[in-house]
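Each chain is listed here by its residues.
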Amino acid sequence: MSRHVYGTGEIVELKPEGDSLWVKVKTAKELLRYIVPKGLIDVDGTSLTVVDVFDEELCFNFMLVAYTQQNVVIPVKKVGQKVNLEVDILGKYVERLLGGGFVNAIKSS
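Let me sum up the structure you'll find in this document.

Reading the values: the criteria
- Residues numbered from 1 in each chain as written.
- Predicted model: local features only at pLDDT ≥ 70, side-chain atom pairs only at ≥ 80, totals over all residues.
- Heavy atoms only, no water.
- Buried < 20%, exposed > 50% of the residue type's maximum accessible area, 1.4 Å probe, protein only.
- Pairing = 2+ DSSP bridges.
- Helix = DSSP H or I, 4+ residues; strand = E, 2+ residues; numbered from the N terminus.
- Axes fitted to C-alpha atoms, helices over the stretch in contact; angles between N-to-C directions.
- Phe/Tyr/Trp six-rings, centres within 6.5 Å; stacked < 30°, edge-to-face > 60°.
- Lys NZ or Arg CZ within 6 Å of the ring centre and 35° of its normal.
- Polar contact = N/O pair within 3.5 Å; in protein donor to acceptor, adjacent residues only side chain to side chain.
- Salt bridge = Lys/Arg side-chain N within 4 Å of Asp/Glu carboxyl O.

**Observations regarding unusual backbone geometry**
Positive phi, normally seen in glycine, also occurs at Lys-38, with a value near 70°. By relative accessible area, which is 73% here, Lys-38 ends up exposed. Notably, Leu-58 is not glycine yet its phi reads approximately 55°, a positive angle.

**Brief notes about the sheet that holds strand S4 (residues 46-49)**
Judged by pairing direction, the sheet is antiparallel, and its 7 strands sit side by side in the order S4-S3-S7-S1-S2-S6-S5 without closing on themselves. Each of the sheet's edge strands pairs with one partner strand only, and the pair in question is S4 and strand S5 (52-54). Direction aside, neighbouring strands of the sheet carry axes that sit 35° apart on average. One ladder, built from 4 bridges, connects strand S1 (residues 7-17) with strand S7 (residues 82-87); its direction is antiparallel. Across the sheet, residue Thr-8 finds its bridge partner in S7, namely Asn-84.

**Observations regarding the packing of aromatic side chains**
Under the counting rule described, the total for this entry stands at 1 aromatic pair. Directly above the ring of Phe-54 sits Lys-24, whose terminal nitrogen or CZ lies 4.5 Å from the centroid.

**What about the side chain of Asp-42?**
Mapped onto the fold, Asp-42 is located in strand S3 (residues 40-43). You can call Asp-42 buried: its relative accessible area is 9%. A distance of 3.4 Å separates the side chain of Asp-42 from the side chain of Ser-47, its partner in a polar contact.

**Describing the pattern of salt bridges**
With the rule as written, the count across this model stands at 3 salt bridges. Residue Lys-24 is joined to Glu-57 by a salt bridge in which the shortest nitrogen-to-oxygen separation is 2.6 Å. Of this pair, Lys-24 sits in strand S2 (residues 20-27) while Glu-57 sits in the loop between S5 and strand S6 (59-64), and the two are 33 residues apart along the sequence. Judged by its relative accessible area of 15%, Lys-24 is buried.

Worth remembering: the numbers are spatial, not functional.
This is how it looks when you write it as structure tokens:
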């Protein structure tokens, strides 16, 4: 699926749990609308699964297992550092469809 950087987020929490690492990221409300639990998000180029979305905090989190931690750059980041975020383009398609973008384009042709 085609993706591109839509914005940035800020790491607000890094929480070890056994050999896993929970990462919580804060982002803009305009970007958070495309982030859903169990949905995909690319963080600094790494495709991950969102675990939870915290709308009131403008945050989402994901977990990195030991193998992933050893093979991506995210674990070397610190709280307060920025990360690039790429949301799944499917959310953009759905938004356009529900907003009438596709329907209006068909009617005008």
